[in-house]
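Listed below are the residues making up each chain.
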Amino acid sequence: MPHKIGFVVVSSSGHEDGFSARELMIHAPTVSGWRSPRFCQFPQEIVLQMVERCRIRKLQLLAHQYMIPSKVEFYISESLPEYFTPYQAERFRRLGYVSLCDNEKTGCKARELKSVYVDAVGQFLKLIFHQNHVNKYNVYNQVALVAVNIIGDPADFGDETNITSREKLIDHYLGHNAEDPALEGTCSGKSDYISPLDDLAFDMYQDPEVAQIIRRLDERKREAVQKERYDYAKKLKQAIADLQKVGERLGRYEVEKRCAVEKEDYDLAKEKKQQMERFRSRVYEQLQLHELVDAELEKPSSLCLDVSPQRPTVDRPPPATDPPPKTHPESLPYDERPLPVTRKQLGAAVSEAERRDVLGDEAHRADTAGEPEPLTEKALREASSAVDVLGEALVAGAYSKTWSHREDALLTLHKQLADTPVGTPKEDLKSMLRAAIFLVRRAIRDIVTPVFQASLKLLKMIITQYIPKHKLGRFETAHCVERTIPVLLTRTGDSSARLRVMASNFIQEIALFKEVKSLQVIPSYLVQPLKASSSTHLAMSQMALLARLLRDLGTEGAGFTVDSVMRFSVQALEHKGREVREAAVGMILDLYAQHRALVLEYLPPDDSATRRNVLYKTIFEGFAKIDGRPTDAEMRAQKRAAAEEAEKRKKEEIKALQGQLAALKEMQAGVQEKESEATKAKNQDTQERKVAPPNAPEIPDNHYLDNLCIFCGERSESFTEEGLDLHYWKHCLMLTRCEHCRQVVEISSLTEHLLTECDRKDGFGRCYRCSEAVSKEELPRHVKTRDCNPAKSEKLANRCPLCHENFSPGEEAWKAHLMGPAGCTMNLRRTHVLHKTPVLPLGKGPAATRAGTSGSKVGSKIPTPKGGLSKISSRTYTKR
């Protein structure tokens, strides 16, 4: 029946460092899989050799979340050609292809599992990857494959050589044996049945150790069914279902622990590790309690795959009578070595003298240890390319648990590269460089300061000496920078201030090297947006580094642009750290001093709603200081001062007006006295003549104009001499104050006033279309746009200078327009109209005619002597 077929990777067209095609041979939640080189040529190829000649029934591909090929082709062959590259096309038979989704719907956050059912016989499978889907995350146009799974049947069941071949391949490449249950079916009832345990999704979500236990229990379940032990089979079935949940949880913990290590959150990583150990221990004890597994599970490391090494439990103290090597740190994996406090807890039963002996023995071994420990299988697989170039001894030193060996390895490599003679083949030079960068990248993450310093020293030598000396070109320089700068940037957020400063200074120094500056790579990393929850140390270091390099490189042709820096800064305004937000404000202000208009495009409008945000208020007030404009506080102070000055001026005007009114009263009293005398003389003359003409006209009352506004016709008892002057000054709907000379004029003559009488008449001109007075500065634009309402002839219509509308001609039409309910909407005095007494229509009395209607300009303007507003009594506005 079909089952999982093991395979090995024969070759590939290329890969990115650390993502070899050999990673496809391992199925586990934490595998990274294969990635093509950056900016590679397409198509890319991978050739797999199955452990035996088989009939393939199902192929499964787990795609990367954003490095997605548009199409994958499948070819099969019975054997390989005599030479590997280029492959002879006739040896491989095309099975077909599958298209992969571009993953835009998920935002490139999910992985596609593609299953293809085929029926083909062979031992070699070739995968051809075509051009990648383009998205914003795949900046290097790569394709990747996280995992591949082959399910099928052996093609020749009776051929014993196939079994031998399978055993050799598994033992050599995967460490499995011929009895591996992963290569067997799980159901004997159907010939074409494919067990869920052979599906790729099972291994990619299950803890590898638990997955092996599940497979063993599934095998026992099948045996129990064959022996008709149904109760036991039922118990095993339930245990398998429970273990699948356990395996998924442990797999999730392992992924979370790996992510914590990558973020250098070692407290969280330790917590996840201890959580895994406690959970695993509890599950194993339950399995033993129910007698589902034998005593073999007491040593679960025997079931462990290479990709998931068993971590010894440190919570359980060793027996006091037989202190095993587990109590000594040298017997534990490097990342499992307890701190002194933990060692004290583990060895509480050991006396103080015994501890001194142990420490002395450890110190002695450290002094006498001349060679680093051998590479583990996992390390050997990870650093295989570096081992091929630099040798296993040097790489073992770089991977050593002793920091002095790691430092020595980097210094030895530094000397080797520095002493490499000119004329060495280019391919050898490039291979050495890439192997060295692989070790440098690993050493940059080292928490020991001397090792970190040695890695920086080696990297600087490679970029500034090794590459120029051998003329390797820009591509190799770009490879060095792109592989190391992201890791270095993470170290700028280190908890150690010393390491943070070292990393930041090195990045700034290397960014200014001419070999690196021309690439413009480092600026692109520095302006990548900060996450709101990112480390404050990391964010502040990145902000400070960006600010320094921005001063050194500028925003023209060096990798930085106003767009990229402003997007970064605006995003940083939302960071959780106060100091980060303040640094972002400072960066925006510095950029505004050089690029005012461009910076404003990335900020919200400067209004009251925006200024409620303290950060934006600080930014806009900073802009005002840079521009030499007053800030909000300064403007408020200026407004207060202006208001106080206006109030003072108003009081002075009132005082001056009162003095003028007193003088006018004296003049009026003299005029009234003369009029009284003249009237008496006239009466006497009439009596002497004793002649009275028939129908003599009624003698006008000299007091008719008392309490009456001769402009708007309003009569009020409050219209005394002073009250009437106040009415003219503020409330009369027919009058207005000129904004330029402060004189009170009739609205109907405002245009003529501005053109002929105003103190600033030289600053106005007449528009030939609307006939109104327009500032000479605005007149060309006003005439050019032709937006004004054309005026009509004076015989056809009046023209209002306030609302710019034409209305009926005549004097009465002015009063209706300025005072009527449907009149001028721009007359601001309309709201002050008080209809206390009925308005006397014009022409109903001998003195009721508006001043100026007989062609005289008397009353058309009230002059303001000595800079103040003058008001005179209504008695002086009489008909001539």
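Rules of the game
Counting restarts for each chain, with residues numbered from 1 along the sequence as it is written. Restriction of local features to residues with pLDDT of at least 70 applies here, the model being predicted, together with a cutoff of 80 or more for giving and counting side-chain atom pairs; totals for whole chains, interfaces and linings are based on all residues. Calculated side-chain values reflect all of the structure's heavy atoms, with hydrogen atoms and water omitted. Secondary structure elements follow DSSP: runs of H or I of four or more residues count as helices, runs of E of two or more count as strands, with numbering from the N terminus. In this scheme, a residue with accessible area under 20% of its type's maximum is buried, one over 50% is exposed, and one in between is partly exposed, where area comes from a 1.4 Å probe on protein chains only. Only the protein chains shown count as cover for residues, with accessible areas throughout obtained via the Shrake-Rupley method and a probe of 1.4 Å. Take the number of residues in a helix, subtract one, and multiply by 1.5 Å to get its expected span. Residue contacts are counted whenever heavy atoms from the two residues lie within 4.5 Å of one another. Residues enter a patch when their relative accessible area is above 30% and they make no salt bridge; the linking distance is 9 Å between like charges and 5 Å between nonpolar side chains (Val, Leu, Ile, Met, Phe, Trp, Tyr). Salt bridge, as used here, is a side-chain nitrogen of Lys or Arg placed within 4 Å of a carboxyl oxygen of Asp or Glu. Just so you know, the count uses Lys and Arg for positive and Asp and Glu for negative, and it drops His and the chain ends. Charge positions are represented by NZ for Lys, CZ for Arg, CG for Asp and CD for Glu. Any pair of Phe, Tyr and Trp rings, taking the six-membered ring for Trp, is counted once the centres come within 6.5 Å. Such a pair is stacked with planes under 30 degrees apart, edge-to-face with planes over 60 apart, and tilted for the rest.

Some details on the overall build of the protein chain
When helices and strands are counted, the protein chain shows 27 helices and 15 strands. Relative to its 880 residues, the protein chain shows a buried fraction of 44%. Accessible area of the protein chain: about 48,400 Å², with a carbon and sulfur share of 52%.

As for helix H20 (residues 578-592)
Residues separated by three or four positions in an α-helix point in the same direction, a consequence of the helix having 3.6 residues per turn. With 15 residues, H20 extends 21 Å between its outermost C-alpha atoms, agreeing within 8% with the 21 Å of an ideal straight helix rising 1.5 Å per residue. Check the buried side of H20 and you find it contacts helix H18 (536-553), helix H19 (562-572), helix H21 (596-600) and helix H22 (614-627).

What to know about a positive patch on the surface
The grouping of Arg649, Lys650, Lys730, Arg737 and Arg742 at the surface amounts to a positive patch. Along the polypeptide, arginine 737 turns up in strand E9 (residues 735-737). Residue arginine 737 is classed as partly exposed on the basis of its relative accessible area, which comes to 31%.

Here's the deal with unusual backbone geometry
Note the cis peptide between phenylalanine 42 and proline 43, where omega equals 5°. Within the secondary structure, proline 43 is located in the loop between strand E3 (34-35) and strand E4 (44-63). Within the chain, phenylalanine 39 stands out as a residue other than glycine whose phi angle is a positive 50°. Within the element layout of this structure, phenylalanine 39 appears in the loop between E3 and E4. The backbone of lysine 471 sits at a positive phi, close to 55°, despite the residue not being glycine.

Some remarks on the side chain of threonine 751
Locating threonine 751 in the fold gives a position in helix H25 (residues 750-757). If we ignore the near neighbours within four places in the chain, the residues touching threonine 751 are Arg766, Ser771, Glu772, Ala773 and Pro801.

Some thoughts on helix H4 (residues 230-262)
Taking 1.5 Å of rise per residue, the 33 residues of H4 would be expected to cover 48 Å, and the 48 Å separating its terminal C-alpha atoms lies within 8% of that figure. Once H4 finishes, glutamate 264 follows within two positions and takes phi at roughly 60°, a positive value.

Overview of the packing of aromatic side chains
Going through the model one piece at a time under the given rule, you end up with seven aromatic pairs. When the centroid spacing of 3.8 Å and the interplanar angle of 20° are considered together, the rings of tyrosine 592 and phenylalanine 623 count as stacked. On the criterion of sequence distance, the pair formed by tyrosine 592 in helix H20 and phenylalanine 623 in helix H22 is long-range, its members being 31 residues apart. Like phenylalanine 623, tyrosine 592 is buried. Measuring from centroid to centroid gives 5.0 Å for phenylalanine 807 and tryptophan 814, while their planes differ by 90°, and the two rings are edge-to-face.

Regarding the environment of threonine 631
For threonine 631, the position within the fold is in the loop between H22 and helix H23 (632-689). You can call threonine 631 buried: its relative accessible area is 8%. Each C-alpha atom, one on threonine 631 and one on phenylalanine 620, is 8.5 Å from the other, the two residues being 11 residues apart in sequence. For threonine 631, the residues in contact, after removing those within four places along its chain, are Glu621, Ala624 and Lys625.

Notes on a nonpolar patch on the surface
On the surface, Val261, Tyr266 and Ile447 cluster together to form a nonpolar patch covering roughly 290 Å² of accessible area. Among the secondary structure elements, isoleucine 447 is positioned in the loop between helix H12 (426-444) and helix H13 (449-470).

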